[in-house]
Amino acid sequence: MLFLALLSASIALADAPVLKLWHGYRGGEEQAIEQAAKAFTALTGTQVELLAVPYDALSSKLTSAIPHEAGPDVFIFAHERLRQFHRMKIVAPSVALDRSKYLAPAVDALELDGTLYGYPLSIKCLALFLREDRGFAAPTTTAELERLLTQAADPSKNQFGLAYEAGDFYFHAPIFFGFGGVLFKPDGRSQFDTPAMTSSMKWVKSLQDRKLMPQEVSGALVKTLFNENRAAVVISGPWFTGEIDPGVPYSIHPLPIVSDTGLPMAPFLGVEAAFVSSRTRQPELAQAFAKFLSLGDATVTRVTLGRQIPAELAAYENEVVAKDQMITAFRAVAERGTPTPNTLEMARVWEPMKLALRAVLQGGVAPEDAGALADRRYRALNREAPPTTSPLPWIIGIVIGLLAFVGYQLRAGRGTSFARRFPEAGRGLLYVAPAATGLFVLVIIPFVIGLSLSLFHHDAGDYTFVGLANFTDILTSKGYRITEPLSFYFTLVVTLVWTLANVVLHVSIGLFLAILLKDPLLKLRGVYRVLLIVPWAVPNYITAMMWKGMFHQQFGAINAILGHLGVEPVSWFTHWTTSFAANVITNTWLGFPFMMVVSLGALQSIPTDLYEAAEVDGASKWTQFRRITLPLLKPALLPAVILGSVWTFNMFNIIYLVSGGEPGGGTDILVSEAYRWAFQRNEQYGFAAAYSVLIFFVLFAWSQVTKRLSGAEPA
Amino acid sequence: MRPRVSDVRLVGIKKSFGDNVIVKGVDLDVTPGEFLVMVGPSGCGKTTLLRIIAGLEQADAGDIFIGGKNMNTVPPRERDVGMVFQSYALYPHMTVKENMAFGLELRKLPRAEIDGRVAEAARMLELGPLLDRKPKALSGGQRQRVAMGRVIVRRPKLFLFDEPLSNLDTALRVQMRGELARLHRTLGVTMLYVTHDQVEAMTLATRVAVFNKGVLQQLGAPLELYHRPTNTFVATFLGSPSMNLVDARREGANFVGKGFSLPAVGDAQGEVKLGLRPQDLRVGAKGPLQGEVEAVERLGFDGYAFLKTAAGPIAARFEGADVHVGQTLWVEPQGEVLHVFTADGTKALHHPETRGAKA
């Protein structure tokens, strides 16, 4: 009986529909979505399985899982990726969506070629945060804002009026639109060299020049300045409310109208929506669930618990919501917002804009020239796809090559039987198998894939075979002069100089310290040794971020020290030399301990009586170093130098985190450049793979040289 | 060309490492052209003294004169001394030729001169075929010769050797000892040689300096030290097997100890220590001292027997006789052979006259 009961229960469970929902929420937002899912279960009896995926990983997980029917029925994502999801055919159109129930821009954001996808849940956009305790009225125009800032700022006390991440185009976009900027021409391409671009840049630069706002602002700095009352006004989004210290009085307002044009500053509007998977087995249920999440109680929960700005209009009528100053303020802001275009072209705008912005803010480029700079970068980054060619000759070539190889091997093996020549081959293979498997899976397969990828052009999920076009484009520096940072040759030279400078510094500093530490009479020798190895023990990205902070123009320790010495503060990342030097300094800090440890070990293995003999022979200390120490260190130091040079050649972290390629990509090295082509410049995977292959060839050549170097002196 | 020679003079040299006093005030005069061997047990300060002379250590007190010049603060490279290290200290990354030429290159000698000197030293030491090898490819004896060659080519005023033969096997040591003696004869320079091996000291030295616990015990020609040791330390340190020492008391015309009585020599009174070289004693059926044989070292026809007597252990020579362990036998001195020391052994009171006169 019991058995039967269990059986029927399990059948009932198996029959009961289960919906899977993937999202990237955490904290209050996650609680809100869990509560809404429970409400849906209570209402319909349908179980909902929730899976929280880290936001950064969610997109790639969705695009890989859904086509294999392993994905969710419903997922929550920002609308910017909608075009990509649509291209990959993982999202289904929404059914019977009533436009009138939502904020108009929120629905617009979900439209692709006249069809709506998903149900809008919440919106995100920028607003003006004002510290209430300063007694300023909210500015409605830029003229008012400037007056306010002038009163609020006091450069002598390091007090500013305004703080926002001015180097990021997401934050500059409202100003750009407010000055009449238009991102896309009717043909869909971008054109930046316009008067609106110039005037928006000029305005921001003037705020910075008048010290109304600080330079090189990061999100963390915005938070600090606002909380410490060193910035009266901040431009940020809903997430900023969570960063304001409790007890700091503030209010939220729409961004002001630009006095020169009379246009409002229109922020980008991000819409989070519940999308239905195109591969769901229960489309009706999934549509109902997605719709349920976007309306009614689910929305109210999201507002009260998750502090998200609802896309549903009715939610604002709710008693609790209507009293919430933050929510209502953002609604007012959102109505002026423009949805971030969900076009592929949008993805190509960020980097050129960022380049131009930083160049102007750092003073390297006049506001009038910013547009031209952005245009050039835009054209360079958005390469025309090379002509498609047929892969047939390649396939035939590879097949012939393989056949020839196999044939050669068979011929070579003829005569003596294999078992004769290698009687223990079976056991040998067994021993080799684990390492061989690892090598195959971790090295050979990725290498072959990378190699093949370099022969393709990638555009939004479509790969076309282009033969060697990527290589010829790179090697002929197509689209830019070889003296420009985007050119392979420029980057190669930078990489070589970078490697050489680092290795020379690492070895000389490391060796110098090792010689000091070798002295057995040195007091606290053990303490110094540990302290000097510490830089090596700290994860390098942490060190990189610390140095990045120390190089900050206004708040960094290095400029503070220089200031005390009477040196003008250096804007480290504005000029190539200082930016490059900052990278080298950071990496030298990280790199010398290794050379020191290696040298110390090798130094200690040199018998002291050699020095005594040399001394009696008549050698001075310097001669002893040159004729005894250096030659005897060579066998230990040479492999370390080779290793160090390869590490430095590919030292992505430091470049990416310290200079970030500033100014204008000039300090990027080959690997960081390859990374940008793959992940920041329109996903040109094939082009980036070609870069990687070229890096491989450079390092391969170097390894041949070093082989010769170390082979010349048999140890 | 006759090599320059020099004398070395040490006055009141003291040296300690931390609380460890190694050299306790040494005065020493080395005459030009002599081969002076400094000998003593491990830790007696002889190597430290050599290193102080070379300039590799600084003395805490005292003066060093080389060739009449005070060298207290002169760095090693300006003292014009050559040193052969116990470990040889050959430069592993240089060939034999480069090792030898190194010191000359540093002195900026013309290339031809360098090559000439290296070739000459190589001929002298039979290193000719090895000149292009690295030290790693050499045998112990060959390395030893290179270390010597490195000093020879420089033609210093003073040669210093720090236990140069201690890393060689016995046969090679005997051979190298001969070569060193020949080298000294050929070059005629002053050589200072540190060893703990009394055989090297006896065979090589024109004079031997015996050290113990940082103090110079006795300085003299090898046979003088052997025949007229100034105290029991020197007496037992030189000679093999060691001199027998027994406690005794003067009673009338005799020295009387436990289980023996010998005719007295000299005018020592009261408690004394008597020294008897095993070579001067014979094992036989009669004699003044009786003991049980505990061990036998037979070298062939003759050998040494080690007896347990009432006065203590005694070593004595035997010839042909059928001596084996467990036997009870007598020991008899061969003539007038008694060395007499004070009871604490710090001073000699009497040596056998005839033998001492020969030395």
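Please read all numbers here as calculations on a predicted model, not as lab measurements. (Residues numbered from 1 in each chain as written. Chains lettered and ligands numbered in written order. Predicted model: local features only at pLDDT ≥ 70, side-chain atom pairs only at ≥ 80, totals over all residues. Heavy atoms only, no water.)

Draft legend 1. Representation of the overall build of chain B within the structure. Scanning chain B from terminus to terminus reveals nine helices and 21 strands. Along the three orthogonal principal directions, the C-alpha set of chain B runs to about 75 × 45 × 40 Å. Excluding contacts between residues fewer than 6 apart, the proportion of contacts in chain B whose partners are at least 24 apart in sequence is 66%. Entry remark: accessible area of chain B is about 15,600 Å², with carbon and sulfur atoms responsible for 51%. For chain B, the centre of its 46 positive side-chain charges and the centre of its 39 negative side-chain charges are spaced 6 Å apart. (Helix = DSSP H or I, 4+ residues; strand = E, 2+ residues; numbered from the N terminus. Contact = heavy atoms within 4.5 Å. Areas by Shrake-Rupley, 256 points an atom, 1.4 Å probe, with all protein chains shown as cover. Lys, Arg positive; Asp, Glu negative; His and termini not counted. Charge placed at Lys NZ, Arg CZ, Asp CG, Glu CD.)

Draft legend 2. Representation of the environment of Arg481 of chain A. Residue and element names in this part refer to chain A. As for its position among the elements, Arg481 is in the loop between helix 20 (469-475) and helix 21 (488-518). Remark: the alpha-carbon pair of Arg481 and Lys211, spanning 270 residues in sequence, is separated by 37 Å. Not counting residues within four places of it along the chain, the set of residues in contact with Arg481 comprises Arg376 and Ser487.

Draft legend 3. A look at the sheet that holds strand 2 (residues 20-30) of chain B. All names here are of chain B. Ordered by their spatial adjacency, four strands build an open sheet running 2-1-4-5, and the pairing between neighbours is antiparallel. The sheet is open, and its two edges are formed by strand 2 and strand 5 (69-70), each paired on a single side. The sheet contact formed by strand 1 (residues 8-17) and strand 4 (residues 61-66) spans five bridges and is antiparallel. From the neighbouring strand, Val8 faces strand 4, where its bridge partner is Ile66. Sheet contacts for helix 1 (residues 46-54): strand 1, strand 2 and strand 4; angle to strand 1, the most-contacted strand, approximately 115 degrees. (Pairing = 2+ DSSP bridges. Axes fitted to C-alpha atoms, helices over the stretch in contact; angles between N-to-C directions.)

Draft legend 4. View of the pattern of salt bridges. The final tally for this structure, using the stated rule, is 37 salt bridges over all chains. Close ionic contact of Glu69 of chain A with Arg279 of chain A constitutes a salt bridge, the shortest N to O distance being 3.3 Å. Here Glu69 of chain A is found in the loop between helix 3 (55-65) and strand 3 (74-78), whereas its partner Arg279 of chain A is found in the loop between strand 12 (268-277) and helix 10 (283-294), with 210 residues between them in sequence. The partly exposed category is assigned to Glu69 of chain A, whose relative accessible area is 40%. Residue Lys286 of chain B pairs with Glu332 of chain B through a salt bridge whose shortest N-O separation is 3.4 Å. Linking Lys286 of chain B in the loop between strand 15 (281-284) and strand 16 (289-298) with Glu332 of chain B in strand 19 (residues 328-333), this pair joins segments that are 46 residues apart in sequence. (Salt bridge = Lys/Arg side-chain N within 4 Å of Asp/Glu carboxyl O. Buried < 20%, exposed > 50% of the residue type's maximum accessible area, 1.4 Å probe, protein only.)

Draft legend 5. A look at the domain arrangement of chain B. When cut into domains, chain B gives domain 1 (8-227) and domain 2 (240-358). Put simply, the middle of domain 1 of chain B and the middle of domain 2 of chain B, counted by C-alpha atoms, are 38 Å apart. (Domains from an automatic or database assignment.)

Draft legend 6. Main features of empty space enclosed by the protein. All names here are of chain B. Using the criterion set out here, one finds three cavities of 30 Å³ or more in the structure. Considering the residues around the largest cavity, the lining is formed by Met124, Leu125, Met148, Glu179, Arg182, Leu183 and Thr186. Considered class by class, the residues forming the lining of the largest cavity number four nonpolar, one polar and two charged. (1 Å grid on protein atoms, 1.4 Å probe; cavity = no way out; pocket = protein on both sides within 12 Å on 5 of 7 lines; lining within 4 Å. Points joined across faces, edges and corners; volume = space filled by probe spheres on them. Nonpolar A, V, L, I, M, F, W, Y, C, P; charged D, E, K, R; others polar.)

Draft legend 7. Layout of the packing of aromatic side chains. For the structure shown, the criterion picks out 46 aromatic pairs over all chains. Their ring planes at 80 degrees and their centres at 5.1 Å tell us that Phe129 of chain A and Phe240 of chain A sit as a pair that is edge-to-face. Within this pair, whereas Phe129 of chain A is found in strand 8 (residues 127-131), its partner Phe240 of chain A is found in the loop between strand 10 (231-236) and strand 11 (250-253), the two being separated by 111 residues in sequence. A relative accessible area of 0% places Phe129 of chain A in the buried class. Given the relative accessible area of 2%, Phe240 of chain A is considered buried. Aromatic ring contacts, followed pair by pair, group Phe169, Tyr170, Phe171, Phe176, Phe177, Phe268 and Trp350 of chain A into a single cluster. In this structure, Arg150 of chain B packs its charged tip against the face of Tyr91 of chain B, placed 4.8 Å from the ring centre. One Lys or Arg, Arg250 of chain B, reaches over the ring of Phe255 of chain B and ends 5.8 Å from the middle of that ring. (Phe/Tyr/Trp six-rings, centres within 6.5 Å; stacked < 30°, edge-to-face > 60°. Lys NZ or Arg CZ within 6 Å of the ring centre and 35° of its normal.)

Draft legend 8. View of the domain arrangement of chain A. Residues and elements named next belong to chain A. When its domains are assigned, chain A resolves into domain 1 (13-123 + 270-339), domain 2 (127-266 + 348-381), domain 3 (392-453) and domain 4 (493-687). Computed from C-alpha atoms alone, the centre-to-centre distance between domain 1 and domain 2 is 30 Å. Contact with domain 1, which involves nine residues of that partner, is made by 16 residues of domain 2. Interface of domain 1 and domain 2: buried area, both sides summed, is about 960 Å²; carbon and sulfur atoms make up 71% of it. One can count zero salt bridges joining domain 1 with domain 2. (Buried area = accessible area lost by both parts, 1.4 Å probe.)

Draft legend 9. Highlighting the pairing of strand 3 (residues 35-39) of chain B. Residue and element names in this part refer to chain B. Across the five residues of strand 3, five count as buried, placing the element largely inside the fold. Alternating residues of strand 3 divide into Phe35, Val37 and Val39 and Leu36 and Met38, and every residue in both groups is buried. Direction of pairing for strand 3 relative to strand 9 (residues 207-212): parallel, over a ladder of four bridges. Note on strand 9: the bridge partner recorded for Val39 is Val210.

Draft legend 10. Up close: helix 6 (residues 142-152) of chain A. Residues and elements named next belong to chain A. All of the buried residues along helix 6 are Thr142, Leu145, Glu146, Leu148, Leu149 and Ala152. The buried residues of helix 6 occupy one face: seen down the axis, they fall within an arc of 160 degrees. Along helix 6, exposed side chains directed more than 90 degrees from the buried face belong to Arg147 and Gln151. Tucked inside the fold, the buried residues of helix 6 contact strand 8, strand 9 (160-163), helix 8 (195-209) and strand 10. (Arc of directions from axis to C-beta.)

Draft legend 11. Region of interest: the interface of chain B and chain A. Each side of the interface is counted separately: chain B has 24 residues, and chain A has 18 residues. Of the roughly 1,800 Å² buried at the junction of chain B and chain A (both faces included), carbon and sulfur atoms supply 60%. Between chain B and chain A we count three salt bridges in total. For Arg154 of chain B, the salt bridge identified is with Asp617 of chain A, shortest N-O distance 3.1 Å. Inspection of the region where chain B meets chain A yields 10 residue pairs in polar contact (both at pLDDT 80 or more). For the side of chain B that touches chain A, the elements supplying multiple residues, two or more each, are strand 6 (81-84) and helix 2 (96-106) of chain B. Among the elements that make up the side of chain B that touches chain A, the one with the highest residue count is helix 2 of chain B (four residues). Partitioning the side of chain B that touches chain A into residue classes produces 12 nonpolar, four polar and eight charged. (Polar contact = N/O pair within 3.5 Å; in protein donor to acceptor, adjacent residues only side chain to side chain.)

Draft legend 12. Local environment of helix 21 of chain A. Between its first and last C-alpha atoms helix 21 of chain A spans 44 Å; for 31 residues at 1.5 Å apiece the expected length is 45 Å, and the two agree. In this structure Ser487 of chain A caps helix 21 of chain A, since a side-chain oxygen of it lies 3.0 Å from the backbone nitrogen of Tyr489 of chain A. (Expected span 1.5 Å × (residues − 1).)

Draft legend 13. Spatial organisation of the side chain of Ser59 of chain A. Residues and elements named next belong to chain A. Residue position: Ser59 is located in helix 3. On the basis of relative accessibility, which here comes to 8%, the residue Ser59 falls in the buried class. Engagement of the side chain of Ser59 in a polar contact is seen with the side chain of Arg81, the distance being 2.7 Å.

Draft legend 14. Geometry of the sheet that holds strand 11 of chain A. Residue and element names in this part refer to chain A. Pairing within the open sheet is mixed, and its four strands lie in the order 9-10-8-11. Every other strand in the sheet has two partners, leaving strand 9 and strand 11 as the edge strands with one partner each. When strand polarity is set aside, the average angle formed by the axes of neighbouring strands in this sheet is 20 degrees. The pairing of strand 9 with strand 10 spans three bridges and is parallel.

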